[in-house]
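Summary of structural features
Below are the chains, spelled out letter by letter.
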Amino acid sequence: MTTPVQQERFLRLLEEHQRVLYKVSRSYARGSADQDDLVQEISLQLWRSFPGYDPRLPFLTWMYRVALNVAISYRRREGRRLSKQPVAVAPLLEIVTQEDAQATTRSAPAEGAGALQRDEDLQRLDQLVQALAPLDRALMLLYLDEQPHAEIAAVLGLSVSNVGTKISRLKRRIRRDWNRSANGD
Amino acid sequence: MELDDLKQNWKQRDQQLDSVLKFHVKLLRDSRLGKAQGALRRLAILLSAGLVVDLVVLGASGSFLWTHAAQPRFLFIGLLIHACAIGLAASSLYQLIGIARLDYAAPVVRIQERLSTLRIARIRTWKWTLLLAPLLWLPILIALMQGFLDVDLFQHAALPWLVANFLFGVLVVAAGVWAGRKYSHRWHDANWWQKLLRDLAGSNLTVACDQLHEMQAYENLES
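Just so you know, these numbers come straight off a predicted model, no measurement behind them.

1. A few points about the overall build of chain A
Tallying secondary structure elements over chain A gives nine helices and one strand in all. Order of helices (α) and strands (β) in chain A, N terminus to C terminus: α-α-α-α-β-α-α-α-α-α. Taking as baseline every contact in chain A between residues at least 6 positions apart, the subset at least 24 positions apart corresponds to 71%. When the accessible surface of chain A is split by element, carbon and sulfur atoms take 50% of a total near 9,200 Å².

Here it is, written out as structure tokens:
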């Protein structure tokens, strides 16, 4: 049974780690309506699972497990559906000061050019990550998030050596695909 | 390009996110957390109700078997219905326990394997229910008439009528499988209909089995 105290604690932790919601939903759903759907599903599943949360496990590891499980299931379930209708309710997670960030970029042209190149690179990286199979995508997300191999192994349920091997292979694959896309293949 | 260089950019974007992301805690608190509990309760009620129906059918067919054990024609029909009811109840119970034990906070590969296994069980049950229903309605009608009204359809109905009904059931099954294979890729807007046809044709089962193998293979170092 969840109490108001538990609810407050849950919401505080969720707010603290909101970036995980954003990154996972961005990697597994396309379009803002689908991404918001996924954020909602992950938030609700986190809330359902929260009474069973063991504080000995880092909250981030626990959150990644739930979020990735929901996201992979969502992707498999909704894979065939084309997103056509926008979500009617207000989004749970949104970027609120994007205009401010863009204004800062405009006011500093030299920095802005570097930022533009960086944004393009990240966009290409996003596309390459999105093209990976669901489990590889989870692995790459955790790797880019600078999680240690032991932590990735704990989230996914693999051995540490297996994680290392798979990351090396994925790095090679992404490098190859990156070069291909750069050469316009 | 090296991925490690891009990792730095990725990290910088993460730091930027802190200032631009807004998580609407109030929205989640006001309308959604309460609903999450309600949805769980509804799911538990739905699954339990299904199991209760299965158990009632199991009890009724068992009772029919017991009272008509000496009449081979009714014994055969009773056994047929009872076997189907056992299969259905066992599958419902397996799924109910599986869903109750599902812990989304467990490692991703393990949970995805369990989800695929449960999905396979659900599709198989649904497929066999769809395939057997047109064939079983006649034995069920015979058992109901005998059990509740004491009317023996073997004596009152003509044999050609019984055979024609059975053949009609076979035709319905064949037509269903054919339609499933031919039309399951169409009607993208009619999700439930497409899903039903894909379940019937077996293509959803193939996809679910492939996903399970993919999960199992992922645990291997060489995959």
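2. What to know about a nonpolar patch on the surface
All names here are of chain B. Nonpolar side chains collect at one region of the surface, where Leu159, Val163, Phe166, Leu167 and Val170 lie side by side and expose about 460 Å² of accessible area between them. By the secondary structure assignment, Phe166 is in helix α6 (residues 159-183). In this structure Phe166 comes out as partly exposed when scored by relative accessible area, which is 44%.

3. Things to note about the packing of aromatic side chains
Residue and element names in this part refer to chain A. Tallying each qualifying case throughout the model produces nine aromatic pairs over all chains. Between Phe10 and Phe50, the aromatic rings sit 5.1 Å apart at their centres with planes inclined by 55 degrees, giving tilted as the arrangement. Residue Phe10 is located in helix α1 (residues 4-16), and its partner Phe50 is located in the loop between α3 (32-49) and α4 (59-78); the two are separated by 40 residues in the primary sequence. Both residues of the pair, Phe10 and Phe50, belong to the buried class. The cationic tip of Arg124 hangs over the ring face of Trp178; the distance from NZ or CZ to the ring centre is 4.0 Å. A cation over a ring is seen here: Arg137 above Tyr28, with NZ or CZ 4.9 Å from the ring centre.

4. Brief notes about the side chain of Ser49 of chain A
As for its placement among the helices and strands, Ser49 of chain A is situated in helix α3. Classification of Ser49 of chain A by relative accessible area gives buried; the value is 11%. Excluding residues that lie within four positions of it along the chain, Ser49 of chain A makes contacts with Trp62 and Val66 of chain A together with Tyr104 of chain B.

5. Let's talk about the nonpolar core
Judged by nonpolar contacts, the single largest core of 68 residues is most densely connected at Val24, Leu46, Trp62, Leu68, Leu125, Met140 and Leu156 of chain A. With 11 residues, α4 of chain A is the single largest residue contributor to this core. Not counting residues up to four positions away in its chain, the partners in contact with Leu156 of chain A are Ala138, Leu139 and Leu142 of chain A together with Pro107, Val108 and Val109 of chain B.

6. Considerations on the confidence of the model for chain B
Model confidence for chain B is summarised by a mean pLDDT of 79, while 79% of its residues fall at 70 or above. The secondary structure element of chain B with the lowest average pLDDT is helix α7 (residues 191-201) of chain B, at 64, and the one with the highest is helix α3 (residues 72-101) of chain B, at 87.

7. Some details on the environment of Gly87 of chain B
All names here are of chain B. Within the secondary structure layout, Gly87 lies in helix α3. In this structure Gly87 comes out as partly exposed when scored by relative accessible area, which is 41%. Between the alpha carbons of Gly87 and Leu58 there is a distance of 9.8 Å; along the sequence they are 29 residues apart.

8. Considerations on the packing of helix α2 (residues 18-28) of chain A against α3 of chain A
Residue and element names in this part refer to chain A. Where α2 meets α3, the axes come as close as 9 Å, and the angle between the chain directions of the two elements is 130 degrees. With respect to α3, the element α2 is oriented oblique. Seen from above, α2 lies across α3 with right-handed handedness. Taken together, the residues of α3 that come into contact with α2 (itself represented by Leu21, Val24, Ser25, Arg26 and Tyr28) are Gln35, Leu38, Val39, Ile42, Ser43 and Leu46. For the contact of α2 with α3, the class distribution of residues is seven nonpolar, three polar and one charged.

9. Re helix α8 (residues 149-156) of chain A
All names here are of chain A. Every buried residue of α8 is listed here: Ile152, Ala153, Val155 and Leu156. On an axial view of α8, the arc spanned by its buried residues comes to 165 degrees, and they lie on one face. Once α8 finishes, Gly157 follows within two positions and takes phi at roughly 85 degrees, a positive value.

10. Quick look at the environment of Leu38 of chain A
All names here are of chain A. With respect to the helices and strands, Leu38 occurs in helix α3. Sequence spacing of Leu38 and Arg75 is 37 residues, and the spatial spacing of their C-alpha atoms is 9.3 Å. Not counting chain neighbours up to four residues away, the residues in contact with Leu38 comprise Val24, Ser25, Tyr28, Ala29, Val70, Ala71 and Tyr74.

11. Structural notes on the packing of helix α7 (residues 134-144) of chain A against α8 of chain A
All names here are of chain A. Where α7 contacts α8, the axes come no closer than 10 Å and their chain directions differ by 145 degrees. Viewed along their axes, α7 and α8 form a crossing whose handedness is right-handed. Seen from α7, the contacting residues are Ala138, Leu139, Leu142 and Tyr143; seen from α8, they are Ile152, Val155 and Leu156. Looking at the contact of α7 with α8 residue by residue, the class counts come to seven nonpolar, no polar and no charged.

So, how was this worked out
- Residues numbered from 1 in each chain as written.
- Chains lettered and ligands numbered in written order.
- Predicted model: local features only at pLDDT ≥ 70, side-chain atom pairs only at ≥ 80, totals over all residues.
- Heavy atoms only, no water.
- Helix = DSSP H or I, 4+ residues; strand = E, 2+ residues; numbered from the N terminus.
- Contact = heavy atoms within 4.5 Å.
- Areas by Shrake-Rupley, 256 points an atom, 1.4 Å probe, with all protein chains shown as cover.
- Patch = residues over 30% accessible without salt bridge, like charges linked within 9 Å, V, L, I, M, F, W, Y side chains within 5 Å.
- Salt bridge = Lys/Arg side-chain N within 4 Å of Asp/Glu carboxyl O.
- Buried < 20%, exposed > 50% of the residue type's maximum accessible area, 1.4 Å probe, protein only.
- Phe/Tyr/Trp six-rings, centres within 6.5 Å; stacked < 30°, edge-to-face > 60°.
- Lys NZ or Arg CZ within 6 Å of the ring centre and 35° of its normal.
- Core = buried A, V, L, I, M, F, W, Y, C linked by side-chain atoms within 4.5 Å.
- pLDDT = per-residue confidence, 0-100.
- Axes fitted to C-alpha atoms, helices over the stretch in contact; angles between N-to-C directions.
- Parallel < 35°, antiparallel > 145°, perpendicular 65-115°, else oblique.
- Left-handed = near helix turned anticlockwise from the far one by under 90°.
- Nonpolar A, V, L, I, M, F, W, Y, C, P; charged D, E, K, R; others polar.
- Arc of directions from axis to C-beta.

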